[in-house]
Amino acid sequence: MIFKDMEEVRRHLRIGVPLPCYFIGGSDDQRKRTILNKIVSITTEGGTGFDTHRFSGNVSADTVGDAAFEITFGGGRRCVVCEDLPFGSMGENEFKKFEQLVTEVSEMGGSTVLVFAFYSVETEPKKDSKAKSESKTGKKNRVEALKKLVDKCSGGVINCETPTTAELCTIIEKTCAKYKCSIHRDLCSYMVERCGNDSALLINEARKVAEYKGSGIISKADIDLMTCATPDAKVFDLSAKISAKDKTGAFAVLQELREMGESAPLILNILSGMYIDMFRAKSARSSGKTKFDVAADFPKSYPKPRQFLIDRAMTAQSRYSSEALLCCLDTLLDAEQRMKSTGGDADIILDETVAKLFSIK
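Everything quoted here is computed from the prediction, not taken from an experiment.

Trainee: Which residues make up the nonpolar core, and what values do they have?
Mentor: Ranked by internal contacts, the top residues of the largest apolar core, which has 56 residues, are Ile172, Ile183, Met191, Ile242 and Tyr275. Of all the elements, helix H12 (residues 264-286) adds the most residues to this core, at ten residues. Excluding its chain neighbours within four sequence positions, the residues that come into contact with Met191 are Ile172, Ile183, Gly196, Leu202, Ala206, Val209 and Ile223. Counting residues in hydrophobic clusters, the runner-up holds 27 residues, among them Phe23, Val59, Leu85 and Leu101.

Trainee: Got a sec to walk through empty space enclosed by the protein? Specific residues and values, please.
Mentor: Inspection of the entire model under this criterion finds one cavity of 30 Å³ or more. The calculated volume of the largest cavity comes to roughly 110 Å³. In terms of lining residues, the largest cavity is bounded by 14 residues, among which Phe236, Ser239, Met274, Met278 and Ala316 are the most central. Within the residue set of the lining of the largest cavity, elements represented by two or more residues are helix H10 (231-243), H12 and helix H14 (308-316). Grouping the constituent residues of the lining of the largest cavity by class yields nine nonpolar, two polar and three charged.

Trainee: Now, about helix H3 (residues 61-69): what can you tell me, with residues and values included?
Mentor: By the burial criterion, the buried members of H3 are Ala61, Val64, Gly65, Ala67 and Ala68. Taken down its axis, H3 places every buried residue within 160° of arc, on the same side.

Trainee: I'd like a rundown of the packing of H12 against H14, residues and numbers included.
Mentor: The relative placement of two packed helices comes down to the angle between their axes together with the axis-to-axis distance. Interhelical geometry of H12 versus H14 gives an angle of 70° and a closest axis separation of 8 Å. Relative to H14, H12 is oriented roughly perpendicular. Of the residues in H14, those in contact with Met274, Asp277, Met278, Ala281, Ala284 and Arg285 of H12 are Leu309, Arg312, Ala313, Met314 and Ala316. Here the residues of the contact of H12 with H14 are counted per class, giving eight nonpolar, no polar and three charged.

Trainee: An account of the sheet that holds strand E2 (residues 52-56) is needed here, citing residue identities and associated values.
Mentor: Spatially, E2-E3-E4-E1-E5 is the arrangement adopted by the five strands of the open sheet, whose pairing is parallel. Edge positions in the sheet fall to E2 and strand E5 (156-159), since each of these pairs with one other strand and no more. Ignoring which end each strand starts from, the neighbouring axes of this sheet average 15° apart. In terms of strand pairing, strand E1 (residues 21-25) meets E5 through four bridges, oriented parallel. Pairing of Gly25 across the sheet is with Asn159, part of E5. Strands E1, E2, strand E3 (78-83), strand E4 (112-117) and E5 of the sheet are contacted by helix H2 (residues 29-43), whose axis makes an angle of about 160° with E3. Packing against the sheet, helix H4 (residues 92-106) makes contact with E1 and E4, and its axis sits at approximately 140° to E4.

Trainee: Go over the layout of surface pockets, please, and point to the residues and values.
Mentor: For the largest pocket, the calculated volume is near 690 Å³. Lining of the largest pocket is provided by 18 residues; of these, Arg10, Arg31, Thr34, Ile171 and Lys174 occupy positions nearest its centre. Listed by contribution, the elements that provide at least two residues to the lining of the largest pocket are helix H1 (6-15), H2, helix H6 (165-178) and helix H8 (199-213). Ranked by the residues each element gives to the lining of the largest pocket, the list is headed by H6, at six residues. A breakdown of the residues in the lining of the largest pocket according to their chemical character gives six nonpolar, five polar and seven charged.

Trainee: Explain the state of the cysteines to me, and be specific about the residues and the numbers.
Mentor: By the definition in use, this model includes zero disulfides. Unpaired in terms of disulfides, Cys82 finds its nearest cysteine sulfur in Cys79, a separation of 9.6 Å.

Trainee: Can you break down the environment of Val105 residue by residue, with the values?
Mentor: Residue placement: Val105 occurs in helix H4. Sequence separation of Val105 and Arg258 is 153 residues, and the distance between their C-alpha atoms is 55 Å. Other than its neighbours up to four places away in sequence, Val105 contacts Pro20, Ala68, Phe69, Thr112 and Leu114.

Trainee: Describe in detail the packing of aromatic side chains, supporting the description with residues and values.
Mentor: Two descriptors summarise a pair of aromatic rings, namely the distance from one centre to the other and the angle between the planes of the rings. Applying the stated criterion across every chain, the model contains eight aromatic pairs. With 5.5 Å between their ring centres and 80° between their planes, Phe87 and Phe95 make a pair best called edge-to-face. Owing to a relative accessible area of 1%, Phe87 belongs among the buried residues under this scheme. Between the aromatic rings of Phe87 and Phe118, the centroid separation amounts to 6.0 Å while the plane-to-plane angle is 50°, which identifies the pairing as tilted. One end of the pair, Phe87, is in the loop between E3 and H4; the other, Phe118, is in the loop between E4 and helix H5 (129-152), and 31 residues separate them in sequence. Residue Phe87 shares its accessibility class with Phe118, and that shared class is buried. The rings of Phe23, Phe87, Phe95, Phe98, Phe116 and Phe118 are connected pair by pair, giving a single aromatic cluster. One cation-aromatic arrangement involves Arg280 over Phe298; the distance from NZ or CZ to the ring centre is 3.9 Å.

Trainee: Can you tell me about the pattern of salt bridges, naming the residues and giving the values?
Mentor: Inspection of every chain in the model, using the stated rule, returns 24 salt bridges. Residue Glu193 pairs with Arg312 through a salt bridge whose shortest N-O separation is 4.0 Å. Of this pair, Glu193 sits in helix H7 (residues 185-195) while Arg312 sits in helix H14, placing them 119 residues apart in sequence. What makes Arg312 buried here is its relative accessible area of 11%. Across the pair Arg338 and Glu352 runs a salt bridge whose closest N-O atoms are separated by 2.8 Å.

Rules used throughout
Residues numbered from 1 in each chain as written. Predicted model: local features only at pLDDT ≥ 70, side-chain atom pairs only at ≥ 80, totals over all residues. Heavy atoms only, no water. Core = buried A, V, L, I, M, F, W, Y, C linked by side-chain atoms within 4.5 Å. Buried < 20%, exposed > 50% of the residue type's maximum accessible area, 1.4 Å probe, protein only. Helix = DSSP H or I, 4+ residues; strand = E, 2+ residues; numbered from the N terminus. Contact = heavy atoms within 4.5 Å. 1 Å grid on protein atoms, 1.4 Å probe; cavity = no way out; pocket = protein on both sides within 12 Å on 5 of 7 lines; lining within 4 Å. Points joined across faces, edges and corners; volume = space filled by probe spheres on them. Nonpolar A, V, L, I, M, F, W, Y, C, P; charged D, E, K, R; others polar. Arc of directions from axis to C-beta. Axes fitted to C-alpha atoms, helices over the stretch in contact; angles between N-to-C directions. Parallel < 35°, antiparallel > 145°, perpendicular 65-115°, else oblique. Pairing = 2+ DSSP bridges. Disulfide = S-S within 2.5 Å. Phe/Tyr/Trp six-rings, centres within 6.5 Å; stacked < 30°, edge-to-face > 60°. Lys NZ or Arg CZ within 6 Å of the ring centre and 35° of its normal. Salt bridge = Lys/Arg side-chain N within 4 Å of Asp/Glu carboxyl O.

Shown next as structure tokens:
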């Protein structure tokens, strides 16, 4: 079966009866590891002991098969986990052995649970563009074929995509609650904007804030003190200082970004993106469109976990006219061209650009 969403996965895991095989993929490593560990736990009564086998990398189908069909010590189920197997580079005969293994395990009546989990992108040697394209296509086809086979063999296909902002806020609330602290929903959203949408990182940041607080209600000051802001969040602070005509504050933020090790081209790139967001928001507002229309028009720029960028831009655009935003974009584009073509000092160009943004009415 192909699980539609995380709630369906959670219901399945609560029942505690594993399927014969699983395919776990997606972009959120924290979710993948959590789900994998839970599957192992319900399969072998805690996930420890001799009946759990883990393989990763370049392992043969015969080796995995030996583990899948061996006699268990306790007479219960076996769990065989295969992580990041290089299906794209293995031979065709070897891949067919893995397909046969999935079929045979599914016919064993649940005595073995076989799990394929993927965390990293397989790196391949450099080839000409045509060969590389064919290799990537072959790898994708094999992975898709494996997913279809797992589904066909009464297994489970789980796609762990990055959580939405609402889901990330719930994760933060639950983490804080474990340490006897509470946090307002608005501050959860603020933490996502400040720290990014990696669930593993957010759990760690929420834990740090809660441990510092000890108990009670977490404040914005607690978050600012104990968490590490992403470059995006710091650059947003920079854009806010510019729109507020706070020159001292803006150049202080620039210095912080440099102390964080961020390069001038990266800072300029993020800053340009924020002004593009504001121009899109301004255009949408003037034509009677909503933030949902903007997300639909630019799906690659605003996937669900990052749709807070539109909310932020919708608020920030009110400080500028359309003409002023166009002037800002021209200034930022000129800076990018100078950095790439003149060979001048990128930090000096960035400082000059920020000063020019202050002069735009």
